Amino acid sequence: MDLKPEEHPKGSFILIMIFFATFVLFYLLNWKYLSELWLVG
Amino acid sequence: MSSWNYRTCPTTGFKIHDKAETLIQFNAVTSIVFLLVGGIVGLTLALTRWQAVHLLNDEWFYRFLSLHGIAMLVAWIIFFEMAVLYFASAVILNTRLAAPWVGWLQYLLMLGGGALVAVMILTGNADVMFTSYVPLKAHHLYYLGIIVFAVGAILGCVVFFATLIVAKHEKTYTGSLPLVTFGAAAAAIIAIITLSCGAIVFIPTWLWAAGIIPVMDSEVYRLLFWGFGHSSQQINVCAMVSIWYLLGTLTVGAVPVNEKVCRTAFVLYILFINIASEHHLLVDPGLSAAHKSWNTGYFMHLAVLASMIHAFSVPAATEVALRKQGHTRGAFEWLKKAPWGNPAFSSLVLSLIGFGFLGGITGVIYGTEQINIIAHNNLRIPGHFHATVVAGTTMAFMGATWYVLPLIFRRQVVAPGLASLQPWLFGGGMMVFSTAMMFAGGFGVSRRSWDMNGVDGPFQVNFGPIVDLSLAVMGISAVVAALGGALFCLLAVATLLFGKKINA
């Protein structure tokens, strides 16, 4: 699909980046919970 | 040579075969009846887990939990999917439905099987919950009901594929299958794999319950059961994503930016999504750590990649369509100017958020082998799947209904103002419900447990006030979501009975 510059989905790209950031934060948070319960070493 | 009766939809221009239309109507109405039953018992369960209310006694709690799982995860969703398959084949391809009598056989078998299962549960003959893990044993008619239901659903898939062949043969479309039909075909392929797993596991279990087979291997049962139990939710995922594209097109005229990528994502679902079922077995002692790790740590992520593609593709297509309408200022003018008053559009957006943000993120993380150890069998898991199946799939199916009513039942939706409110009540309620459930699970509150404190057990567990607060929020948001669900059923029934007739 050919898009004019003003038709590019910039907003969706920003929303998806927020989604990725949430994903990474929640992933790290869960590993932190796990590390507190399951001590290594 | 037989002749077939068609009408032309004045809104979409689709040529609609009368027999396909009637089957879509019957499957859709029956799905809403099961939604109503499952929703009512679901509310009583939430009000029991809310410790301050603790509505049901233990016997009815587990009985209703069994019914809730079957009515919602199997009956409501798969009946609606049958309607989607007939719509995506006969209606979208402007063709006749192949062998409508097989379609009626599908409907009657699913109805009979579903009713038999419900009766067995309500009469106390199947207090085994959705998983019915062996050696828990229900009455043999319970398993027979599930088998009959699954055979009916397989017949629905056969009719769908036969209709695709008819459309190709009669040249009712040119080029590739439309994306919505392609997605429905992916859902139907997954459905056949899933329902075959169901038949493979439930036929020997039925014979075991009837006393014909002396013993069932519980390890083999668990492995095969999840080939049915979780994969049935993957049919939902595929059907839901197809509906996302359909709603994007119907509400704002969205067209995928790159259709080939979307089609590739559906193929990834077919190849890898069933492997995701393995995450139910992550704490199962019978499987090796390497087996679990390969399936849920590596292969499963190829299906997750497919969801990521759709998660970008659907909003991007919507944004491009709205930008083409002139809403080009800044990054988000298109979002502000979107048709929020259209319940189908708000359902689409809420379904994307519920499925992607809440259900998708938590699903991938809780499905990681190491993290699963702190999440398995506590309320985090039902919190996750209520986000995917209810806030995601059910929300999308409800959104589609606002178009099914005028296009297939030819009735104008009554009280459009209330219809606009419905997705917010239901979707908002379910998102808070799922979050509160996951929060309580984070503190170790067990799932599927009437007695979470172990009052009658050998040792007691005391939770802090934060858990009481979480469970109270869960209970209140369940009431809000139930109001949204009741409003949906009420408006759908009122539209069928009193909605202004639309002439074709």
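A few points on the structure. Numbering of residues starts from 1 in each chain and follows the order in which that chain's sequence is written. Following the order in which they are written, the chains are lettered starting with A and the ligands numbered starting with 1. Predicted model: local features are reported for residues with pLDDT of at least 70 only, side-chain atom pairs are reported and counted for 80 or more only, and whole-chain, interface and lining totals are derived from all residues. The basis for the side-chain values is all heavy atoms of the structure; hydrogens and waters are excluded.

This part is about empty space enclosed by the protein. Residue and element names in this part refer to chain B. The way it works is a 1 Å grid over only the protein atoms, where trapped points that fit a 1.4 Å probe form a cavity and open points with protein on both sides within 12 Å along at least five of seven lines form a pocket, and then any residue with an atom within 4 Å of a point lines it. Grid points are joined across faces, edges and corners, and a volume is the space filled by probe spheres set on the points. Going through the model one piece at a time under the given rule, you end up with 4 cavities of 30 Å³ or more. As a volume, the largest cavity reaches approximately 170 Å³. For the largest cavity, the lining is made up of 16 residues, of which V84, F87, L246, A400 and V404 are closest to its centre. Under the DSSP-based scheme used, a helix requires at least four consecutive residues in state H or I and a strand at least two consecutive residues in state E, with every element numbered from the N terminus. Mapped by element, the contributors of at least two residues to the lining of the largest cavity are α1 (18–49), α2 (58–91), α7 (231–252) and α13 (380–407). Looking at the lining of the largest cavity element by element, the count peaks at 5 residues for α2. Throughout this entry, Asp, Glu, Lys and Arg are counted as charged residues, while Ala, Val, Leu, Ile, Met, Phe, Trp, Tyr, Cys and Pro are counted as nonpolar. The remaining residues, Gly among them, count as polar. A breakdown of the residues in the lining of the largest cavity according to their chemical character gives 16 nonpolar, no polar and no charged.

Contacts are residue-level and defined by heavy atoms, with any inter-residue pair within 4.5 Å sufficient. In this complex, chain A contributes 27 residues to the contact, which on the side of chain B involves 29 residues. Note on terms: buried area is the combined drop in 1.4 Å-probe accessible area of two parts once they are placed together, counting the loss on both. Roughly 2500 Å² is buried in total at the junction of chain A and chain B, and carbon and sulfur atoms are behind 81% of that figure. Contact with chain B buries surface across chain A, with M1(A), F19(A) and F23(A) losing the most and accounting together for 22% of the total. Any carboxyl oxygen of Asp or Glu that lies within 4 Å of a side-chain nitrogen of Lys or Arg is treated as forming a salt bridge with it. Applying the counting rule to chain A against chain B returns 1 salt bridge. Here E7(A) and K324(B) are joined by a salt bridge, their closest N and O atoms 3.0 Å apart. Whenever a nitrogen or oxygen atom comes within 3.5 Å of another N or O atom, the pair is scored as a polar contact, on the condition that within protein one atom can donate a hydrogen and the other can accept it, and that pairs from neighbouring residues in sequence are kept only if both atoms are in side chains. Joining chain A to chain B, the criterion identifies 9 residue pairs in polar contact (both at pLDDT 80 or more). Looking at the side of chain A that touches chain B residue by residue, the classes come out as 18 nonpolar, 5 polar and 4 charged.

What follows is about the packing of aromatic side chains. Only Phe, Tyr and Trp rings take part, Trp by its six-membered ring, and two of them pair if their centres are within 6.5 Å. Stacked means planes under 30 degrees apart, edge-to-face means over 60, and tilted covers everything else. Inspection of the entire model under this criterion finds 36 aromatic pairs over all chains. Seen in terms of ring centroids, Y27(A) and W31(A) are 6.4 Å apart; in terms of plane orientation they differ by 75 degrees. Their pairing is edge-to-face. With Y27(A) and W31(A) both in helix α1 (residues 10–37) and 4 residues apart, this pair spans about one turn of that helix. Looking at Y27(A), the relative accessible area reads 28%, which means it is partly exposed. Residue classification places W31(A) among the partly exposed positions, given a relative accessible area of 32%. Among the aromatic residues, those joined into a ring-pair cluster are F130(B), Y142(B), Y143(B), F202(B), Y221(B), F225(B), W226(B) and F228(B). Seen from the ring of Y6(B), K15(B) lies directly overhead, with NZ or CZ sitting 4.5 Å from the centre. Burial here depends on accessible area, computed with a 1.4 Å probe over protein chains only, as a share of the maximum for the residue type. Under 20% is buried, over 50% is exposed, and the range in between is partly exposed. Counting as a charge over the ring demands two things of the Lys NZ or Arg CZ atom: a distance within 6 Å of the ring centre and an angle within 35 degrees of the ring normal.

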